[in-house]
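Here is what each chain is made of, one letter per residue.
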Amino acid sequence: MTSGLFDPISIGARAAANRVVFGPHVTNLGAGRSLSEGHVAYYERRARGGCATLVTEVASVHESDWPYERAPLASACARGWRAITEACKPHGSLVLAGLGHAGMQGSTAWTQDVLWAPSLVANVMTHEQPLVMGDEEVAALVAGFAASATIACDQGCDGVELNAGQHSLLRQFCSGLTNLRGDRLGEDRAALLRDVVDAVRAVVGDAIVGVRFCLDELAPWAGITTQVAAELLTGATEGVDYVCFVRGSIYSEAATQPDGHVEQAFNEAATAELANALRLTGPSPLVCAQGSIVDLETAERLVATAAIDLVEMTRAQIADPDLCAKAVSGEGARVRPCILCNQHCLVRDPRNPIVSCCVNPLAGHEREDAALDIDVVEHPRGHAPAAVVVGGGVAGLEAARALARLGHAVVLHEQDDALGGAVRSAARLPGRSRLGALADWLEREAVHEGVTIRTTSRVDAADLVDDAIVVVATGGAPARLWLRDGDDGSVQVLDARSVADGAALAGVVVVLDPIGGPVGVGVAEMAAQLGATTTLITSDVVVGSQLSASGDLVDANGRLARAGVAVIGHARAVAISAGSVVVEDSFTALRVSVPAVVCVDAGHRVPEDRTWPPSATVIGDAVAPRGILMAMLEARRVACSAGAPSR
Amino acid sequence: MTSTSRLELLFKPLSVGPLRLANRIVFSAHLTNYAVDGLPSAQHAAYYAARARGGAGLIVTEEHSTHPTDWPYEKLIHGFNPEVLPGYRRITDAVHAYGTPILAQLNHNGGQASSMYSRLAVWAPSPIADPLFKEVPKAVDDEEIASIVAGYADVAARCIEGGFDGVELQCSHSSIVRAFLSSATNRRADRWGGSLENRARLLLALVDAVRTAIGPDKALGVRLCGDELLDGGTTIDEAVEVAVMVEATGSVDYLNTSIGVATSSLFAIEASMAVRPGYALFIPSAIRRRVGLPVVGVGRFKDPVQADRALTEGHCDLVGVVRGQIADADFARKARSGHTERVRLCLSCNQECVGRMGLNRWLGCIENARTGRESEPAAPRARRPRTVVVVGAGPAGLQVAVTAAERGHRVVILEREAEPGGQVALAARVPGRAEFGDLVRNLLSELRALGVEVTQGVDATVELVASFSPDAVVVATGSTPASPWWGADVPDGAPQLLDVTDVLRGTAVEGRAVLVVDELGFHQATSVAELLADRGHAVEIASPSLVVGQDLGVTLDLEQFWVRATAKGIVQTTSTMVTGLRRGAADIQHVLTGVSGSRDVDAVVLALPAIPNDALAEGCRVRGFDVHTVGDARAPRRAHAAIVDGTRVGSAL
């Protein structure tokens, strides 16, 4: 019997309205180590959008664990859980408290103490050795899980999800990579997990107990594999209502929530295999699938299989909190797509950025940006002044869409024959095709909202009438490549966007990347794929330094290495001379000449130097070329301020 | 040296505008990350008050942002938010209790910022992305420049209302004023760009507006960069010309100086021990020759004697001592009372001060666990003196002994080696890392003052410990180098296999070609590699990480390591691990591609996470003693963890 994504389901003794889960993730919304008003608004918005089950950000069950500065501490979360449940339950949602301990994957920066671990295996990032847990620490951990679950359920949570997935001490006990103990907890690596589940079940009554479990550590020499996971879970799921399967280990943190280089639903086969293995051994908990599930069709397909009962659509609902509501009302095609860019939602970052989203910059800012949330609020139509938007890239399309939704009659002018601007170009780079989904969506929605779109229509200041609302979103332009010691013209210089758009690359290519983002790496990969002998010059010590934020740093370095791209670090081009790019080491000032036929400038762009009437509002890259998020945000702001009664 | 006679100038009072400074020691502006939600905290007040109590002549707080477009890092004081006022008063009241003047530094970081926190475009003279933040700024127009100037005036007035004795304008390091002054970042063709006069227009407008805002009776300082170390950037000649312009306004009371730009040449601003002290003195020296205003010199002043020499040699009128007073809040008081040897000298290791700033953590100090925690109560004296036996005289053991003895306990320290200091003493044997050894020197000097002796050359057994009838035993026995996972399968004829600590202890390294394995990402591998290269070995460092010595970047040691390593012919191989040894070679594998290879080498030197030596703890526990394990014996970590462990246990005994 197949089931639908929006069919109700019983999770343990509770009823969930549908199969969609908003999974636990780092938000940095915390106030100290407590859950904040920001958390409440963030989860409430997803509950309001129809998500049936929400798991709150993982809270540390013991004070020895402080994995990142704003990591919630369960003993400080009582009020927060109360407020979240009170905000979400009126929408019919279940709220589960994420509970965990990061163990040797944590940090001592804030505790100024030791990491806890099953065995003496150093933290991969800091190389710090942990404290090998003794009986006392093990007992404190088990008691911490039980005490935390008690707090959560007392405050109205419908249950808890215990983290034995990424960043978890429970997984570290389950894994041969990290558990080298000779005692009972080493001989039977699932023993601690069972102890914790038993202790939690004993205190939560009939509330939901879920387990987030690792199905593949991607380290087959000693780590958890699908087969090992099945063995570990056999007999360990008594008292567990559902298991959510994730992947990744100490050596592959980025693999748990990868960007668009990895296909959607990458855990599907292993999850199904495990689900079937569990069912062979008797009554089995529900199975929740996780792993870049962002499209409704994908989620529906998964739930239609017998193996999978629930699907975690976390990034999809960061991007569109109304995903469920839209789907249920037959408007699934209008869901704002997650583009799997990971640029603003992966926030386990020392700078504590607040979780947000390129395509939905209101995410994480639900309280202060409530007035910009035009997707749900009904706005008066018909009395708004007409608006002209110049430029059909992301900023222009979003401004036009939002203005039209707010009741303005909008005409959008785009000088090219296609819409989407720089995002369309970026989507042509290897592994970035998903970016195009945003341009497609904006274009569809603009049409749907009634925007009049004029392509191949170049507009200048003189064409703009005074009384209309004018929004200028004409984007950026390539900066002139500045070479301190000159350019004899012996190497063809191209800008990255023209290369992405198809400018010919062949022979010997040098890519200049002072940014370290996706573009320089993508252009180098593209050149290598086209058969060019490729060298990437980066001003940073490592290639793609900015990709650590999206989790693609190590993978990008691996792809470049496998493609044979040569890399020169902490360097910059100072001249083009006699068929070579002259490259200077920023540390030693030593120079090398790299022969080249084509030199691609993947550096920063500049705003187009054009003059507009004082009444025009300039947004996006036309102000300063930045990312998608600022373009989307500035567009939304200008639309909402234009629609304000004061205008 | 026990006399202040050699520190005559350092303690000679000086008038700076309306202020009378008791001495020439300035606690210059530096980030602390103590702000909470953009507001100054109780920790700020306690931190500055501790340095006032310790005798600093002048304190300049960290920067206060003058405009909502300026929010480059999370824990910045939002001076533009009127809610800062109570926090201002808390700071100034706490500092004034010691009679010490305190100024607020005002700043707008300009394009050396991102929109991450502000969710606004960043502002700068020209749309040139900063090399660290990598975000293209908006080139400001006249209206926006007027708004910047108004912001400075507004915040300056608020600072005076909050009790500050004046303000300092940050025009160096990371600042929109710096960006306007520098041809590297100001490409404007209007009246704000081009000639030096045009580029200085914003600075002079700010001086004018701020002086008007603070009135004639408060101090106004300007901090200028003498050399940006940037292509096309400000160098000393232009800096001197700007200083002359600033003096000519008649509105400014002193000039502070700096070197480097925070987001591209930070290693020069907060130089590590690899750079000689006083390296930036040419800047105040040059400025002082042309202007009459008091000039502050900065740049790794860690010793009162050396600070005094900068004054007597005429380079400057005041000396900025920042890290020296982070390490020891009583730097000035100890020097003045003739106890320069008691000053806890800064190591210039940059591990917990500079190193924590870029990571968005609160400012601390590797050798002073109180730094950053001043607002918390200090451990009280012990109610009942106990006999404490500390086994091991590395940093953890020495720190336990200091803290416990300060609290009134009787302390016995037993050390197996002939010299105290543990791995810190070993690490300091490498040329260029000698100042790291000051950590041990400082602790021993404290112990000497407390009358605690270290018994050296004894292998502590449970029986020996028991012979002291201890009330508490602290096991600080350190760690042992680990064997690699392939260590059991080393065949005959394989390269010599040894640990970095073996090399530092004097084991001879065989042959010429050496492969150093860096699995710690810090100085262990890189410094020993340099040592071996200096001895004539051909050295390659292999690291499984993307960078050899990855954390050298955090402490600002990476650039210069790279320069030295290049000169010494050291090869750096990244993303590579050693998978075993065979006759005359090491097998390696590239961790990203899986491609295997080998290196023909004579020796392999390992820097691996170590194994705790905790056997004694178990033995003592069995005997029923109150046992505490600290430092590497608890879990092998860096020196700071040993100091924190030692302080924590010493405070709890």
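Above this note sits the structure.
Just so it is clear, the model here is predicted, and its values are computed rather than measured.

J.: I'd like a description of the overall build of chain B, backed by residues and values.
T.: Within chain B, the secondary structure is distributed over 22 helices and 27 strands. Taking 26 Å as the expected radius of gyration for a compact globule of 653 residues, we find that chain B reaches 27 Å, a close match to that expectation. Taken along the three principal axes of its C-alpha coordinates, chain B extends 75 × 65 × 45 Å. Long-range pairs, those at least 24 residues apart, make up 72% of the contacts in chain B with a sequence separation of at least 6. With the model as given, the accessible surface of chain B reaches about 22,800 Å², and the carbon-plus-sulfur share is 52%.

J.: Outline the interface of chain A and chain B, supporting the account with residue identities and numerical values.
T.: Every contact between the two is made by 59 residues of chain A and, on the other side, 49 residues of chain B. Carbon and sulfur atoms make up 61% of the surface buried where chain A meets chain B, a total of about 4,200 Å² over both sides. When residues of chain A are sorted by the area they lose upon contact with chain B, Gln112, His127 and Phe587 of chain A head the list and together hold 16% of the total. One can count eight salt bridges joining chain A with chain B. For Asp369 of chain A, the salt bridge goes to Arg119 of chain B, with nearest N and O atoms at 2.4 Å. Here chain A and chain B share 26 residue pairs in polar contact (both at pLDDT 80 or more) between them. Going through the elements one at a time, α17 (553–563), β27 (605–607) and α18 (628–642) of chain A are the ones with two or more residues in the side of chain A that touches chain B. No other element matches the six residues that α17 of chain A contributes to the side of chain A that touches chain B. Class assignment for the residues of the side of chain A that touches chain B results in 27 nonpolar, 16 polar and 16 charged.

J.: Account for helix α12 (residues 394–405) of chain A, naming residues and giving values.
T.: Residues and elements named next belong to chain A. With 12 residues, α12 extends 16 Å from end C-alpha to end C-alpha; this agrees with the ideal 16 Å at 1.5 Å per step. Of all 12 residues in α12, 12 are buried, a share of seventy percent or more. Looking at α12, one finds that the buried residues are Val394, Ala395, Gly396, Leu397, Glu398, Ala399, Ala400, Arg401, Ala402, Leu403, Ala404 and Arg405. Structurally, α12 contributes buried residues whose contacts are with β14 (387–390), β15 (410–413), α13 (421–426), α14 (436–448), β17 (469–472) and α18. Just downstream of α12, Gly407 is the residue with a positive phi angle, here 105°.

J.: Let's hear about the pairing of strand β13 (residues 387–391) of chain B: which residues, and what values?
T.: All names here are of chain B. The element β13 is largely enclosed, with a buried count of five among its five residues. In β13, alternate side chains face the same way, and those of Thr387, Val389 and Val391 on one face and Val388 and Val390 on the other are all buried. Here β13 pairs with strand β14 (residues 410–415) via five bridges, running parallel. Looking across to β14, one finds that Val389 is bridged to Val412. The parallel pair β13 and β14 is bridged by helix α14 (residues 395–406), and the resulting crossover is right-handed. Examined bridge by bridge, β13 and strand β16 (residues 472–475) share four bridges and lie parallel to one another. Bridging across to β16, Val390 finds its partner in Val474.

J.: Please provide a residue-by-residue account of the pattern of salt bridges, values included.
T.: Going through the model one piece at a time under the given rule, you end up with 86 salt bridges over all chains. The salt bridge partner of Arg634 of chain B is Asp113 of chain A, with a shortest N-O separation of 2.8 Å. Remark: Asp113 of chain A occurs in the loop between β6 (94–100) and β7 (116–117) and Arg634 of chain B occurs in the loop between β27 (627–629) and α22 (639–652); the pair is interchain, linking two chains. When its relative accessible area of 24% is taken as the criterion, Asp113 of chain A is described as partly exposed. Salt bridges sharing partners connect three or more residues here, namely Arg484, Asp485, Arg572, Glu584 and Arg591 of chain A together with Asp231 of chain B.

J.: Give a description of the state of the cysteines that names residues and reports values.
T.: Residue and element names in this part refer to chain A. Considering all chains together, one arrives at zero disulfides over all chains under this definition. Cysteine Cys288 is unpaired, with the sulfur of Cys244 as its nearest cysteine sulfur at 3.8 Å. Judged by relative accessible area, Cys288 falls into the buried class, the value being 1%. Take Cys345: it sits in no disulfide, and the sulfur closest to it among the cysteines is that of Cys341, at 6.3 Å.

J.: Quick rundown of the nonpolar core? Include the residues and the values.
T.: Residues Trp81, Leu99, Leu162, Phe213 and Val311 of chain A are the most contacted members of the largest nonpolar core, which totals 145 residues. Tallying contributions element by element places α18 of chain A first for this core, with 11 residues. Beyond its immediate chain neighbours, meaning those up to four positions away, Leu162 of chain A contacts Leu99, Phe145, Val196, Val197, Val200, Val209, Gly210, Val211 and Arg212 of chain A. Core analysis: the next-biggest nonpolar cluster, separate from the first, contains 82 residues, Val84, Leu169, Ala200 and Cys365 of chain B among them.

J.: Go over the sheet that holds strand β22 (residues 566–568) of chain A with me, naming the residues and quoting the values.
T.: Residue and element names in this part refer to chain A. The five strands lie next to each other as β19-β26-β20-β21-β22, forming an open sheet whose pairing is parallel. In this open sheet, the two edge strands, each paired with only one partner strand, are β19 (492–495) and β22. Across the sheet, the mean angle from the axis of one strand to that of its neighbour is 20°, orientation sign disregarded. Relative to strand β26 (residues 598–601), strand β20 (residues 508–513) runs parallel, the two being bridged by four bridges.

J.: Which residues make up the environment of Leu592 of chain B, and what values go with them?
T.: Its location among the elements puts Leu592 of chain B in the loop between β23 (585–590) and β24 (596–600). Separated by 16 residues in the primary sequence, Leu592 of chain B and Thr576 of chain B have C-alpha atoms spaced 8.2 Å apart.

J.: An account of the environment of Ala76 of chain A is requested, with residue identities and associated values reported.
T.: Along the polypeptide, Ala76 of chain A turns up in the loop between β5 (59–60) and α2 (78–88). Those residues in contact with Ala76 of chain A, other than ones at most four positions away along the chain, are Arg33 and Ser34 of chain A.

J.: Lay out the side chain of His127 of chain A in plain terms, naming residues and giving numbers.
T.: By secondary structure assignment, the location of His127 of chain A is in the loop between β7 and β8 (131–132). Within the local environment of His127 of chain A, its side chain forms a polar contact with the backbone oxygen of Glu519 of chain B, the two atoms lying 3.1 Å apart. If we skip the residues at most four places from it in the chain, His127 of chain A touches Ala122 of chain A together with Glu519, Leu520, Gly521, Ser545, Gln550 and Pro609 of chain B.

J.: An account of the packing of aromatic side chains is needed here, citing residue identities and associated values.
T.: Aromatic rings in a pair are described by how distant their centres are and how their planes are angled relative to each other. Residues and elements named next belong to chain B. In the structure shown here, the tally under the stated rule is 13 aromatic pairs over all chains. A connected cluster of aromatic rings, assembled from ring pairs, spans Phe27, Tyr34, Tyr47 and Tyr48. Its end group placed over the ring of Phe522, Arg638 keeps NZ or CZ at 4.1 Å from the ring centre.

J.: Got a sec to walk through the sheet that holds β27 of chain B? Specific residues and values, please.
T.: Residue and element names in this part refer to chain B. The strand order β15-β14-β13-β16-β27 describes an open sheet built from five strands, whose pairing is parallel. Each having just a single partner strand, β15 (454–456) and β27 make up the two edges of the open sheet. Between one strand axis and the next, the sheet turns by 20° as a mean value, whatever way the strands run. Relative to β15, β14 runs parallel, the two being bridged by three bridges.

The rules behind each value
- Residues numbered from 1 in each chain as written.
- Chains lettered and ligands numbered in written order.
- Predicted model: local features only at pLDDT ≥ 70, side-chain atom pairs only at ≥ 80, totals over all residues.
- Heavy atoms only, no water.
- Helix = DSSP H or I, 4+ residues; strand = E, 2+ residues; numbered from the N terminus.
- Rg over C-alpha atoms; globule rule 2.2 N^0.38 Å.
- Contact = heavy atoms within 4.5 Å.
- Areas by Shrake-Rupley, 256 points an atom, 1.4 Å probe, with all protein chains shown as cover.
- Buried area = accessible area lost by both parts, 1.4 Å probe.
- Salt bridge = Lys/Arg side-chain N within 4 Å of Asp/Glu carboxyl O.
- Polar contact = N/O pair within 3.5 Å; in protein donor to acceptor, adjacent residues only side chain to side chain.
- Nonpolar A, V, L, I, M, F, W, Y, C, P; charged D, E, K, R; others polar.
- Expected span 1.5 Å × (residues − 1).
- Buried < 20%, exposed > 50% of the residue type's maximum accessible area, 1.4 Å probe, protein only.
- Pairing = 2+ DSSP bridges.
- Right-handed = clockwise from strand over helix to strand, strands pointing away.
- Disulfide = S-S within 2.5 Å.
- Core = buried A, V, L, I, M, F, W, Y, C linked by side-chain atoms within 4.5 Å.
- Axes fitted to C-alpha atoms, helices over the stretch in contact; angles between N-to-C directions.
- Phe/Tyr/Trp six-rings, centres within 6.5 Å; stacked < 30°, edge-to-face > 60°.
- Lys NZ or Arg CZ within 6 Å of the ring centre and 35° of its normal.

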